[in-house]
Amino acid sequence: MPVVFAHETWFTDGRFPGDWSFAGETLSLILLTAALSVTLLVRLIATRFPGVDVPFLARLVPWMPFAVRIHLGVSLVGLLSMGVYLSPAMDLEPTLGGIALGVTMGAVALLMITGWHARAAAGLLVAAGPLGMIEFGVGPVAQRADLLGLAAFVLFAGAGRWSADAEAGRAPEASLAELAKAVWALRVGAGVALIVVAFAEKLANPAMALAFLAEHPDFNVAALAGLPMGDLEFVRLAGAIEVLFGLLLISGALPQAIVLIAGIPFNATLWFFGTDELLGHLPVYGAMLVLLVYGSDPALRPAVSALWPYGRPRVRAPEPVSLPG
């Protein structure tokens, strides 16, 4: 069901008025209630079967800050090369505000990729969010909460290995509390982004989703499969599924299964929209990688599913791993 994770605002022209009454219809509320119920069920199942140990993935734990920095930095560089701010839906104009936001993106990308003062770069990206809202409005920037989650991950976990900060002695291994806060912020950011997009592009704006399906009719896979489901009802279902995955990411329960299932539609959209979709989704791919790796480590798995990271830590820090060579 690729349309679930395809961003209509990135590939649909025109202005579409919001319609919250669609989200408030009985069938929409039933589907949203079902999404919440499934999330609660998954958390209940996870209390008995939290996941499986995958040693070769668990060995990647010390390099997750590096992976997050690269996903975030490359995404920002690519988007800036397209002349957009944070997503293909926000064009940077040659104004003082547009230039300032572009320079900020470039600076954050460079600092993230090199790992030089990475925590400061993460703080700069977080601060750039409210500034971007002045230029583009709250909604479009809120849809990139996944970027905020990755920035917060670096704020808590630091630059990690293979960074200028590590070479300068400024990037010690993250503590228990830092790891728990980092992965919590990351998964909440990714989940909130999916939920905001579900409402902004589907449940509270069905006109936009219908316009997208009119241009790309093959994305209504229910109709292609011969199911008696019109475009409007498919939009309703797709929005609810997107909310479901957002809630599951926020929940953190069964991270391995959730990431593997969500990865199918996320990657399917690349076939249709190529580079724009790849650059826009790189932060989410980074978040999913962290959840998969941390969820494969028996010591860190409880931190992935912890509902609140500020209590007493229930995980131990990963053992130091010797760098090759």
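Everything discussed here concerns the structure shown above.
Quick notes on the rules
- Residues numbered from 1 in each chain as written.
- Predicted model: local features only at pLDDT ≥ 70, side-chain atom pairs only at ≥ 80, totals over all residues.
- Heavy atoms only, no water.
- Salt bridge = Lys/Arg side-chain N within 4 Å of Asp/Glu carboxyl O.
- Helix = DSSP H or I, 4+ residues; strand = E, 2+ residues; numbered from the N terminus.
- Buried < 20%, exposed > 50% of the residue type's maximum accessible area, 1.4 Å probe, protein only.
- Axes fitted to C-alpha atoms, helices over the stretch in contact; angles between N-to-C directions.
- Parallel < 35°, antiparallel > 145°, perpendicular 65-115°, else oblique.
- Left-handed = near helix turned anticlockwise from the far one by under 90°.
- Contact = heavy atoms within 4.5 Å.
- Core = buried A, V, L, I, M, F, W, Y, C linked by side-chain atoms within 4.5 Å.
- Nonpolar A, V, L, I, M, F, W, Y, C, P; charged D, E, K, R; others polar.
- Polar contact = N/O pair within 3.5 Å; in protein donor to acceptor, adjacent residues only side chain to side chain.
- Phe/Tyr/Trp six-rings, centres within 6.5 Å; stacked < 30°, edge-to-face > 60°.
- Patch = residues over 30% accessible without salt bridge, like charges linked within 9 Å, V, L, I, M, F, W, Y side chains within 5 Å.
- Areas by Shrake-Rupley, 256 points an atom, 1.4 Å probe, with all protein chains shown as cover.

> Help me out: how do you make sense of the pattern of salt bridges in this one?
A pair can form between side chains of opposite charge whenever their charged atoms are brought close. Counted under the stated rule, the structure contains eight salt bridges. Across the pair D53 and R301 runs a salt bridge, and its minimum N-O distance is 2.8 Å. Within this pair, whereas D53 is found in the loop between α3 (26–48) and α4 (55–58), its partner R301 is found in helix α16 (residues 301–305), the two being separated by 248 residues in sequence. A relative accessible area of 48% places D53 in the partly exposed class. Of the charged contacts, one joins R170 and D165 as a salt bridge, the two residues approaching to 2.7 Å between their closest N and O atoms. Taking the relative accessible area as the measure of exposure, D165 reaches 5% and is therefore buried. Salt bridges here are not isolated pairs; linked through shared partners, they connect E25, E233 and R236.

> Got a minute to help me understand the packing of α3 against helix α14 (residues 231–251) in this structure?
Interaxial distance between α3 and α14 falls to 9 Å at its minimum, and their mutual angle equals 25 degrees. As summarised for this structure, α3 and α14 are arranged roughly parallel, according to the angle between their axes. Our pair here, α3 against α14, has a crossing hand that is right-handed. Residues L27, S28, L31, L32, A35, L36, V38, T39, V42 and R43 of α3 touch α14, and the partners they reach there are E233, R236, L237, A240, V243, L244, L247, L248 and S251.

> I keep staring at the side chain of S251 and nothing clicks. Help me out?
Note on placement: S251 falls in helix α14. For S251, a relative accessible area of 4% gives the class buried. With sequence-adjacent residues up to four places away left out, S251 is seen in contact with T39, R43, R187, V304, S305 and L307.

> Any chance you could explain the nonpolar core here in plain terms?
Across soluble globular proteins, nonpolar side chains have a tendency to be buried as a group. Counting 69 residues, the largest nonpolar core has Y85, L86, F153, L186, V290 and Y294 as the members making the most contacts within it. Once residues lying within four places of it in the same chain are set aside, the contact partners of Y85 are M90, L92, L101, M105, A128, G129, G132, F136 and V141. Among the nonpolar cores identified, the runner-up in size contains 15 residues, and A23, L32, F212 and L213 belong to it.

> I keep staring at the packing of helix α9 (residues 145–157) against helix α11 (residues 176–203) and nothing clicks. Help me out?
Helices that pack against each other are described as a pair by the angle of their axes relative to one another and the distance between those axes. Two elements in contact, α9 and α11, have axes whose closest approach is 7 Å; the angle formed by their N-to-C orientations is 175 degrees. Judged by the inter-axis angle, α9 sits roughly antiparallel to α11. Every residue of α11 that contacts α9 at A145, D146, G149, L150, A152, F153, F156 and A157 is listed here: E178, K181, A182, V183, A185, L186, G189, A190, V192 and A193. Here the contact of α9 with α11 is built from residues that sort into 13 nonpolar, two polar and three charged.

> Explanation requested: the side chain of D146 in the structure shown.
Turning to its location among the elements, D146 is positioned in helix α9. Engagement of the side chain of D146 in a polar contact is seen with the side chain of R144, the distance being 2.9 Å. Every residue in contact with D146, bar those within four places of it in the chain, is listed here: G189, A190, A193, G280, P283 and V284.

> What is the right way to look at unusual backbone geometry in this model?
Excluding glycine, residues mostly carry a negative phi; peptide bonds, for their part, are mostly trans. Of note in this structure, L86 is not a glycine but carries a positive phi near 70 degrees. Relative to the elements of secondary structure, L86 occurs in the loop between α5 (64–81) and α6 (96–114). When its relative accessible area of 5% is taken as the criterion, L86 is described as buried. A positive phi angle, close to 50 degrees, is found at H117, a residue other than glycine. Among the structural elements, H117 can be located in the loop between α6 and α7 (118–136). Overall, H117 belongs to the partly exposed group, its relative accessible area being 34%.

> Teacher, can you tell me more about the packing of aromatic side chains here?
Working definition: an aromatic ring pair is given by the centre-to-centre distance plus the angle between the planes. Counted according to the given criterion, the structure contains six aromatic pairs. With a centroid separation of 5.5 Å and 20 degrees between ring planes, the pair formed by W20 and F199 is classed as stacked. Of this pair, W20 sits in helix α2 (residues 20–23) while F199 sits in helix α11, placing them 179 residues apart in sequence. Assessed through its relative accessible area of 61%, W20 is described here as exposed. An angle of 90 degrees between the planes, with centres 5.1 Å apart, marks the rings of F66 and W162 as edge-to-face. Of this pair, F66 sits in helix α5 while W162 is found in the loop between α9 and α10 (164–167), placing the two residues 96 residues apart along the sequence. Of the residues examined, F66 reaches a relative accessible area of 24% and is grouped as partly exposed. We classify W162 as partly exposed; its relative accessible area is 48%.

> Just checking my understanding: could you explain a nonpolar patch on the surface for this structure?
Taken together, the side chains of L41, L44, I45 and F49 make up a nonpolar region of the molecular surface, amounting to roughly 420 Å² of accessible area. Position of F49 relative to the elements: it lies in the loop between α3 and α4. For F49, a relative accessible area of 58% puts it in the exposed group.

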